[in-house]
Amino acid sequence: MFDNNIHGQLFIGGQWRDSDSGGRTDVIDPSTGRVIGTVADADVADADAAVAAAKDAFVRDEWAGLSGRERAGILHRVADLVRENADEIVRLESLDVGKPVALCRQVDVVTTAEQYEYCAALAQTLDGATRKVPLNAFAYTRREPLGVVAAITPFNFPLILSTSKIAPALAAGNVVVHKPAEDTPLSALFMASLFEQAGIPAGVVNVVTGSGSVIGEALLKHPGVDKIAFTGSTSIGRHAASVAGEALKPVTMELGGNAAHIVFEDADVEKAIGAIIKGFVFNTGQFCMGGPRLLVARPLYDTIVRILADAVPEVPVGAPRDPETVVGPMAADRHVKKVEEYVALARQEGGRVICGGERIDLNGGYYYKPTVIADLANDSRVVQEEIFGPVLTVQPFDTEDEAIDMANCTPYGLASGLQTTDLARAHRVADKLQAGIVWVNDWAMLDPAIPFGGVKDSGFGREYGPEALASYTKVKSVVVSLD
Ligand code: NAP
């Protein structure tokens, strides 16, 4: 069970409390399919209470009123607590999402601590500018916090993706209501207890667990919410952006992806294979910035397909608590069913399944074999749509222009990547790829200083980097007459 260290309650105004209705939701361990506990199932009254508590904290000015250096000190304490509590965070995130413990420790915990540290530094840089103007006036700008931020996050990286909103929002002096995905609420609740320990004032961060269609929707529509920071699917994001647009609220939209990974004929093949496999199996393929579409220069096509057929079945798939595991279960059974449907569709669409292509029967968990599918046409649904599982399609191309067209041909534009030893080509192709981030000769190189976010149906706005901090502020100009 998960509950020795976290409250399965809502965290509102610095208090742990049951939902207004008293409802509870099951939490399931995806590695066994078994219920491991319950958490509070919030309803609209709880969302209202959380927004009211956040607003009250904002008005009290105990957080925004601190200097950047004082806020930075507290954010550093959060980072320290994350590192000190790494074992418990790994345990919870692994139980909740099925993340392999070794990867969770290296990636989720470290990235979270680093984001708080980076945002602590940014908190101290937050300032305005003086503007020399041809008026007899002294003009300057101030960067002010927006107020109440509703952070709505998905199931696949619960900790990292909530941090990518909460850390910059807090650094800029905002207050937050966080709604984690209903399937994966545990790390959000544990973090609430760390925020308390770090000395973040009551009401500055509130966590409400429950369903998107009830409390997510309530937060989108709430007049007390000043910004929506959303990460999730393109379909829900489109809806969220339209609701926020009606109320003229600023939004950050981090949505779906279906990245292409291009291997040119001059690539270092051995290095490329490592990046290709990492790009599609990382987080069991539940990675918005994964590289599920492999485009290979025709002279290398048969070789790369053959190498993948040998190498992919060797990737260790298994129980998340086994330190050797690289690929764990998917986070919910419905995600495995979706992958099964896409692989069946690939077969109908003329795809050749090179390896994988089936579930793994292990302890009742939600496992699927890493799968490689060759020979699909570019307009097949399996190539065009986001599968969000451990599935790689492989297609050949003949020219650089064709590779770029194929890479850009889906509605998404979150990430893209290429393998080449030709430096000029690397820059030329990166320039043409429609994506928020382009990796050259590796995959998933991320850092809190490197902004990421999408174009086209992958959304807009950027997380990470100073760009994220700016998106949690509004600029006020002050012009003082000197007459
Ligand atoms: P999702 O179904 O869109 O859910 C995302 C969040 O929205 C969840 O907290 C969900 O709550 C909530 N939600 C659902 N309906 C809502 C509504 N009507 N109003 C407000 N909130 C609502 O996405 P997911 O399946 O969790 O995550 C996978 C998707 O996220 C993929 O498409 C992936 O590419 C994308 N993603 C993007 C990024 C990025 O940085 N661009 C990063 C990670 C994931 P419930 O879960 O409780 O329903």
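Reading guide: rules and limits
Residues numbered from 1 in each chain as written. Predicted model: local features only at pLDDT ≥ 70, side-chain atom pairs only at ≥ 80, totals over all residues. Heavy atoms only, no water. Pairing = 2+ DSSP bridges. Helix = DSSP H or I, 4+ residues; strand = E, 2+ residues; numbered from the N terminus. Axes fitted to C-alpha atoms, helices over the stretch in contact; angles between N-to-C directions. Contact = heavy atoms within 4.5 Å. Domains from an automatic or database assignment. Buried area = accessible area lost by both parts, 1.4 Å probe. Polar contact = N/O pair within 3.5 Å; in protein donor to acceptor, adjacent residues only side chain to side chain. Core = buried A, V, L, I, M, F, W, Y, C linked by side-chain atoms within 4.5 Å. Buried < 20%, exposed > 50% of the residue type's maximum accessible area, 1.4 Å probe, protein only. Phe/Tyr/Trp six-rings, centres within 6.5 Å; stacked < 30°, edge-to-face > 60°. Lys NZ or Arg CZ within 6 Å of the ring centre and 35° of its normal.

Caption draft 1: Representation of the sheet that holds strand S14 (residues 352-355) within the structure. Reading across the sheet, the seven strands line up as S14-S17-S18-S13-S12-S19-S20 and stay open at both edges, with mixed pairing between neighbours. Each edge of the open sheet carries a strand with a single partner, namely S14 and strand S20 (437-440). Shown here is a sheet whose adjacent strand axes are inclined to one another by a mean of 25°, direction ignored. As paired elements, strand S13 (residues 293-297) and strand S18 (residues 391-397) share five bridges and run parallel to each other. Pairing of valine 296 across the sheet is with proline 396, part of S18. The sheet contacts of helix H11 (residues 333-348) involve S14, strand S17 (371-374) and S18, and relative to S17 the element is tilted by about 25°.

Caption draft 2: Region of the structure containing the domain arrangement of the chain. For the chain, the assigned domains read domain 1 (10-255 + 458-479) and domain 2 (260-447). Of note, the centres of domain 1 and domain 2, computed from C-alpha atoms alone, are 31 Å apart. Taken residue by residue, the interface counts 26 residues in domain 1 and 31 residues in domain 2. By the criterion of area lost to domain 2, the three top residues of domain 1 are Ser31, Phe155 and Ser458, representing 23% of everything that side buries. The interface formed by domain 1 and domain 2 contains eleven residue pairs in polar contact (both at pLDDT 80 or more). Counting residues per element, the ones that place at least two in the side of domain 1 that touches domain 2 are strand S3 (24-29), helix H3 (86-97) and helix H4 (101-123).

Caption draft 3: Structural view of the nonpolar core. Ranked by size, the top nonpolar core spans 83 residues in total, and within it Tyr116, Leu170 and Ile200 carry the most contacts. Setting aside anything within four residues of it in sequence, one finds leucine 170 in contact with Trp63, Arg71, Leu75, Val176, Ile200, Val204 and Val205. Grouped together as the second largest cluster of nonpolar side chains are 25 residues, Val263, Val281, Leu308 and Ala374 included.

Caption draft 4: Main features of the packing of aromatic side chains. Overall, the coordinates contain ten aromatic pairs when judged by the stated rule. Ring centres 6.2 Å apart and planes at 65° place the aromatic pair tyrosine 116 and phenylalanine 195 in the edge-to-face group. Of this pair, tyrosine 116 sits in helix H4 while phenylalanine 195 is found in helix H6 (residues 186-198), placing the two residues 79 residues apart along the sequence. Grouping residues by exposure puts tyrosine 116 and phenylalanine 195 together as buried. Ring plane angle 35° and centroid distance 5.9 Å describe the contact between phenylalanine 157 and phenylalanine 282, whose orientation is recorded as tilted. Here phenylalanine 157, found in the loop between strand S7 (148-152) and helix H5 (158-171), pairs with phenylalanine 282, found in the loop between helix H9 (269-281) and S13; they are 125 residues apart in sequence, far enough to count as distant. Exposure remark for phenylalanine 282: the relative accessible area of 16% places this residue in the buried category. Grouping aromatic residues by their ring pairs yields a cluster made of Phe157, Phe282 and Phe287. Its guanidinium or amino end placed over the ring of tyrosine 472, lysine 227 lies 4.2 Å from that ring's centre, counting from NZ or CZ.

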